[in-house]
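Coordinate analysis (summary)
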Amino acid sequence: MISRAHAVPSTARSWLGCALRRGAVGLLALIGFGYAAGATAAAPVGAAVATRPVAAKDAPAAGMLLVARRDLPDPNFHESVVLLTAHGAGGSAGLIVNRRTRLRLSDAMPELANVEKVEHPLFFGGPVARAQIVMLMRRERPAEQIERVTDDIFFSADRDVLESVLARKKPASELRLYLGHAGWAPGQLARELARGDWHVMKANAELVFSDDEATLWERLIRSLDPPGLLVRLDRTACGTPACPMRADSGAPPQEDKP
């Protein structure tokens, strides 16, 4: 699998490139703030990878949430909730919405006017372009450098937009700032979905701007993948006719020996 740290899809390059031309918000001095960008664990070459068909309701699109499966091994995305901001033939891009850092905007960019008046925390948006701030906003209107993601979630990576919302004293409940983003090359996200790496659900502003983001993944995964009841069975017997999981075995269930 391609490392998401290097998989910058054309859909992501388009809005990031546009932002760079307009004076994007850069943080080159803060790229080592505590989350490493690493490759997603992949199956060994030649190994069989189980896949499943992706239902129409699970189809990725801008405005959908990706909720990491319980045992997703990639440390960048373990127990993560990702809002897709772009998806198309050129790839996909999104923001991890449930990882707050210890940094605040005033720590990163003290030169910004009005930055001290409203303290905004910085979130880890993903391992791609970690030296750049992008933002999600509520109660905005589509405009130049502001793109609609859902009915009440808007995206921008433009410095002028950031300075404007700070001047209007937009509260933290309506503005989220992210260091970096997540990106998938063409076909990469489809393969991860087929392998069962992600649950897909529709996003809403209440989830994305939740003031309890630390528990967001746990709350969502409990409804998407309930833990159920665990049983203990003797695995050594399950390859034989006496396997208690076989309907024709006639053997009573056996417990694992401690």
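Residues numbered from 1 in each chain as written. Predicted model: local features only at pLDDT ≥ 70, side-chain atom pairs only at ≥ 80, totals over all residues. Heavy atoms only, no water.

Notes on the confidence of the model for the chain
In low-pLDDT segments, the atomic positions of the prediction should not be examined closely. Just so we agree on the cut-off: Think of pLDDT as the predictor's per-residue confidence, scored from 0 to 100. The way it works is that DSSP assigns letters per residue, a run of H or I at least four long becomes a helix, a run of E at least two long becomes a strand, and they are numbered from the N terminus. In what follows, residue pairs with any heavy atoms lying within 4.5 Å of each other are defined as contacts.
Summing up the model confidence of the chain, the mean pLDDT is 76 and the portion of residues at 70 or higher is 63%. Per-element confidence in the chain is highest for strand β2 (residues 64-68), whose mean pLDDT is 97, and lowest for helix α1 (residues 10-21), whose mean pLDDT is 44. Note on residues 10-24: pLDDT under 50 across the span, and 36 contacts to partners over four residues away in sequence or across chains. Between residues 26-51, whose pLDDT stays under 50, and residues either more than four places distant or in other chains, the model counts 47 contacts.

Examining the nonpolar core
Counted only if it meets this: For the purposes of this section, nonpolar cores are sets of buried Ala, Val, Leu, Ile, Met, Phe, Trp, Tyr and Cys residues that join through side-chain atoms within 4.5 Å. Classification of residues uses two cut-offs on accessible area relative to the type maximum, computed with a 1.4 Å probe and protein chains only: under 20% is buried, over 50% is exposed, and between them is partly exposed.
L65, L83, L136, W198 and V208 are the most contacted members of the largest nonpolar core, which totals 39 residues. With 5 residues, the single largest contributor to this core is β2. Core analysis: the second largest hydrophobic core is formed by 18 residues, L103, M109, I146 and F154 among them.

Comments concerning unusual backbone geometry
Phi at E79 takes a positive value of approximately 55°, unusual for a residue other than glycine. Tracing the sequence through the fold places E79 in the loop between β2 and β3 (81-88). Of note in the backbone geometry, R139 takes a positive phi value of approximately 55° without being a glycine. Mapped onto the elements, R139 comes out in the loop between β7 (128-137) and β8 (147-150). Residue class for R139 comes out exposed when judged on its relative accessible area of 52%.

Here's the deal with the pattern of salt bridges
What counts here: Each reported salt bridge corresponds to a side-chain nitrogen of Lys or Arg within 4 Å of a carboxyl oxygen of Asp or Glu.
For the structure on display, the rule yields 13 salt bridges. Across the salt bridge formed by K170 and E140, the nearest N and O atoms sit 3.0 Å from each other. Of this pair, K170 sits in the loop between α3 (159-167) and β10 (175-184) while E140 sits in the loop between β7 and β8, and the two are 30 residues apart along the sequence. For the residue pair K170 and E140, the accessibility class agrees, reading buried in each case. Between E163 and R159 there is a salt bridge, with the nearest N and O atoms lying 3.4 Å from each other. Residue E163 and its partner R159 are both found in helix α3; the two are separated by 4 residues, about one turn of the helix. On the basis of relative accessibility, which here comes to 22%, the residue R159 falls in the partly exposed class. One connected set of salt bridges, linked through shared partners, spans R139, E140, R168, K170 and E174.

A closer look at α3
Our working rule: What the arc measures is the spread of directions leading from the helix axis to the C-beta atoms. Here a polar contact is recorded for every N or O atom pair within 3.5 Å, except that within protein the pair must consist of a potential hydrogen donor and a potential acceptor, and residues adjacent in sequence are included only if both atoms are side-chain atoms.
Among the residues making up α3, those that are buried are V161, L162, V165 and L166. Down the axis of α3, the buried set is contained in an arc of 135°. They therefore lie on one face. The distance from a side-chain oxygen at the start of α3 to the backbone nitrogen of D160 is 3.1 Å, and the residue carrying that oxygen is D158.

Comments concerning the packing of aromatic side chains
As a reminder of what qualifies: Only Phe, Tyr and Trp rings are paired, with Trp represented by its six-membered ring, and only when their centres lie within 6.5 Å; those with planes under 30 degrees apart are stacked, over 60 edge-to-face, the remainder tilted.
Inspection of every chain in the model, using the stated rule, returns 4 aromatic pairs. Seen from their ring centres, F77 and W198 are 5.9 Å apart, and the 80° between their planes marks the pair as edge-to-face. Highlighted residues: F77 in the loop between β2 and β3 and W198 in strand β11 (residues 198-202), separated in sequence by 121 residues. Exposure remark for F77: the relative accessible area of 0% places this residue in the buried category. Since its relative accessible area comes to 1%, W198 is described here as buried. Between F123 and Y178, the aromatic rings sit 5.7 Å apart at their centres with planes inclined by 45°, giving tilted as the arrangement. Note that F123 is positioned in strand β6 (residues 121-124) and Y178 in strand β10, a separation of 55 residues in sequence. Here a set of aromatic residues connected by ring pairs shows up, and it is made of F77, W184 and W198.

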